[in-house]
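Fold and contact review
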Amino acid sequence: HDPKMAWAGLHTLSVLVLKGVACALRGLPSVQGRLSADLDVLVPKARIAEAEAGLLAGGWEHAAHSDYDDAYYRAWMHELPAFHHAHRGTQLDLHHGILPPTARLHPDPALLLAAAEPVPGVEDSTTGSGCAVSRNDLAATCGCIPPATR
């Protein structure tokens, strides 16, 4: 994935990169040999509509899904239905939470956003927005620390 192209449509927001792409941007050895099927990003829930509008304006489309699926995701999930970029074929998952609201655990996404660190070289020169990764997220999703210490 080209990190600068991945943010097309999110240029007015800073986003937190999650999961495998976050590990790849950090250059962690745990991603060697791993293929990423999609990009996972997190924005504050209060800005999810702005992020969605930006993605749609930036060439992203909602992946094929029914009206029922769309309503279900918006009511019960921690992310919107997947986005697909028409020209690059990339898939993006836009998260506003870490786990569905019905999950037993309720990790606070604000803690991840607060722990975010900018990714060097991935920044929009006109707005200063870019992407960031969180050490907390890396530990949880990449297995960077032993399970006993999580």
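The rules behind these values
Residues numbered from 1 in each chain as written. Predicted model: local features only at pLDDT ≥ 70, side-chain atom pairs only at ≥ 80, totals over all residues. Heavy atoms only, no water. Buried < 20%, exposed > 50% of the residue type's maximum accessible area, 1.4 Å probe, protein only. Helix = DSSP H or I, 4+ residues; strand = E, 2+ residues; numbered from the N terminus. Pairing = 2+ DSSP bridges. Salt bridge = Lys/Arg side-chain N within 4 Å of Asp/Glu carboxyl O. Core = buried A, V, L, I, M, F, W, Y, C linked by side-chain atoms within 4.5 Å. Contact = heavy atoms within 4.5 Å. Arc of directions from axis to C-beta. Phe/Tyr/Trp six-rings, centres within 6.5 Å; stacked < 30°, edge-to-face > 60°.

**What about the pairing of strand β5 (residues 91-95)?**
Counting buried positions along β5 gives four out of five residues, so the element sits mostly inside the fold. In terms of strand pairing, strand β2 (residues 39-42) meets β5 through four bridges, oriented parallel. Bridged to D40 within β5 is D93. One ladder, built from two bridges, connects strand β4 (residues 83-85) with β5; its direction is antiparallel. Paired with H84 across the strands is Q91, a residue of β5. Linking two consecutive strands that pair antiparallel, namely β4 and β5, is a turn of five residues; a positive phi of about 80 degrees is found at G89 within it.

**Observations regarding the pairing of β2**
Alternating positions in β2 separate into two faces, L39 and V41 on one and D40 and L42 on the other, with burial throughout. Direction of pairing for strand β1 (residues 15-18) relative to β2: antiparallel, over a ladder of three bridges. The partner of L16 across the bridge, within β2, is L42.

**Side note on the pattern of salt bridges**
Tallying each qualifying case throughout the model produces three salt bridges. Measuring nitrogen to oxygen at the nearest pair gives 2.9 Å for the salt bridge that ties R47 to E50. Taking the relative accessible area as the measure of exposure, R47 reaches 33% and is therefore partly exposed. Owing to a relative accessible area of 34%, E50 belongs among the partly exposed residues under this scheme. For the salt bridge of D70 with R74, the shortest nitrogen-to-oxygen distance reads 3.0 Å.

**Considerations on the environment of A75**
Position of A75 among the secondary structure elements: in helix α4 (residues 67-76). Take A75: its relative accessible area is 47%, and that puts it in the partly exposed class.

**Concerning the nonpolar core**
V43, L55, W60, F83, L92 and L94 are the most contacted members of the largest nonpolar core, which has 16 residues in total. Breaking this core down by element, the ones donating at least two residues are β1, α2 (19-26), β2, α3 (48-57) and β5. Considering each element in turn, this core owes the most residues, three residues, to α3. Setting aside its immediate chain neighbours within four residues, V43 contacts L13, S14, V15, I48, A51, L94, H95 and H96.

**Brief notes about α3**
When we look at burial in α3, the residues that qualify are I48, A51, E52, G54 and L55. Considered in projection along α3, the buried side chains sweep an arc of 165 degrees and stay on one side of the axis. Summarising the geometry of α3, the exposed residues directed more than 90 degrees from the buried face are A49 and A57. Buried residues in α3 make contact with β3 (60-62), α4, β4 and β5. Of the residues flanking the end of α3, it is G59, one or two places downstream, whose phi is positive at about 100 degrees.

**Considering the packing of aromatic side chains**
Counted according to the given criterion, the structure contains one aromatic pair. Judged by centre distance (6.3 Å) and plane angle (25 degrees), the ring pair of Y68 and Y72 falls under stacked. With Y68 and Y72 both in helix α4 and four residues apart, this pair spans about one turn of that helix. For Y68, a relative accessible area of 62% translates into the label exposed.

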